[in-house]
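Here is what each chain is made of, one letter per residue.
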Amino acid sequence: MKLSFQTAGLPTWPVLLVKTPVDAADRPAIAGKLKAIRELGAKDVFFLAPPQGKGVVRVETVTGAVSGTALLLGGLSFAVGRGIRREKKLPVEIGGSDAPCTVQLNPLAGHGAADLPLPLWMGSRPFLSEAETAPMVCLPGLVCVLRSGEALPEEAVLAPALDALARENEVPAAAALLWNFRAGSLSAVRWQTGEADLTPLPCGVAAAGAAAAWSARHGTDGHHRLTIRQPGGALDTDAVVKGGRLQRLTVSGPVVLGPEYVVEF
């Protein structure tokens, strides 16, 4: 099949936007083939699709998990394709959310902000051992566990634990987030169904998970803004808490679109 795709991403976090319609069952294999093209160096692959509801465009991740990065890039691709230059709010659909998410974009400035669906649950639960608890956030399609310290556990220990966490919560993926709050730095890895190894977690969803967990554990009512630095660059998050409950979760930062290509598999 011929496949049309575009390079995109945060400044140092390249991903691919596939524009050719691809069935959900075929997406993992297609994503694997595209990520294997070394010259592209893609960290992840997102799939554009016609909207199913009131959105202007739909974007899907391989696992079906919600991703702030995918929302930003899907919205930006639509805006540029329609010749939108000035700042504009767009309803963008994403797998894992019943309603479109609001994405505010400034194509000329290369900047956007995406409102993410709220977590399904947040709290502290045992991880790695019954004696150790860790903050966790379950977003649609992905459960995140926050860790502190200098490094994450070895993959031989971490991967089975994330596998069990995903199965327990009946989601296709789980992620471990290593967050140094004082430095504002975050690194994250993801385990997902069908992959043998841990892979990097897209910046947008990692930042959202960290911000949501922080708001649940430390936040009082109000706007809680954080700048979270990751290997792919810095993103700003805004968690709005009212009545002790998270009401809104936003991720914003720079986004870019690159050249378009066509390959045949």
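Report follows, based on the coordinates. The structure displayed is predicted, hence computed values, not measured ones. (Residues numbered from 1 in each chain as written. Predicted model: local features only at pLDDT ≥ 70, side-chain atom pairs only at ≥ 80, totals over all residues. Heavy atoms only, no water.)

Some points on the nonpolar core
In terms of nonpolar packing, the biggest core is built from 57 residues, with L71, L142, L177, W179 and L201 touching the most fellow members. Residue contributions to this core peak at 10 residues, all from helix α4 (residues 203-218). Leaving out residues up to four positions away in the same chain, L177 has contacts with C144, V145, L146, R147, L186, S187, A188, L201, A206, G209 and A210. One finds L158, A159, A176 and W191 within the second-largest nonpolar core, a separate group that totals 18 residues. (Core = buried A, V, L, I, M, F, W, Y, C linked by side-chain atoms within 4.5 Å. Buried < 20%, exposed > 50% of the residue type's maximum accessible area, 1.4 Å probe, protein only. Helix = DSSP H or I, 4+ residues; strand = E, 2+ residues; numbered from the N terminus. Contact = heavy atoms within 4.5 Å.)

Quick look at the pairing of strand β2 (residues 13-18)
Summarising burial for β2: 5 of the 6 residues are buried, a large majority. Bridging between strand β1 (residues 2-10) and β2 involves 6 bridges; their strand directions are antiparallel. If you follow A8 over to β2, its bridge partner there is V15. In this sheet, strand β3 (residues 44-49) lies alongside β2 in parallel orientation, the contact comprising 4 bridges. Looking at β3, one finds that L17 is bridged to F46. (Pairing = 2+ DSSP bridges.)

A look at helix α1 (residues 27-35)
Looking only at α1, the buried set comprises R27, I30, A31 and L34. Taken down its axis, α1 places every buried residue within 100° of arc, on the same side. Looking at the buried residues of α1, the elements they touch are β1, β2, β3, β4 (57-60) and β17 (256-264). (Arc of directions from axis to C-beta.)

Treat this as a map of the structure, not an account of what it does.
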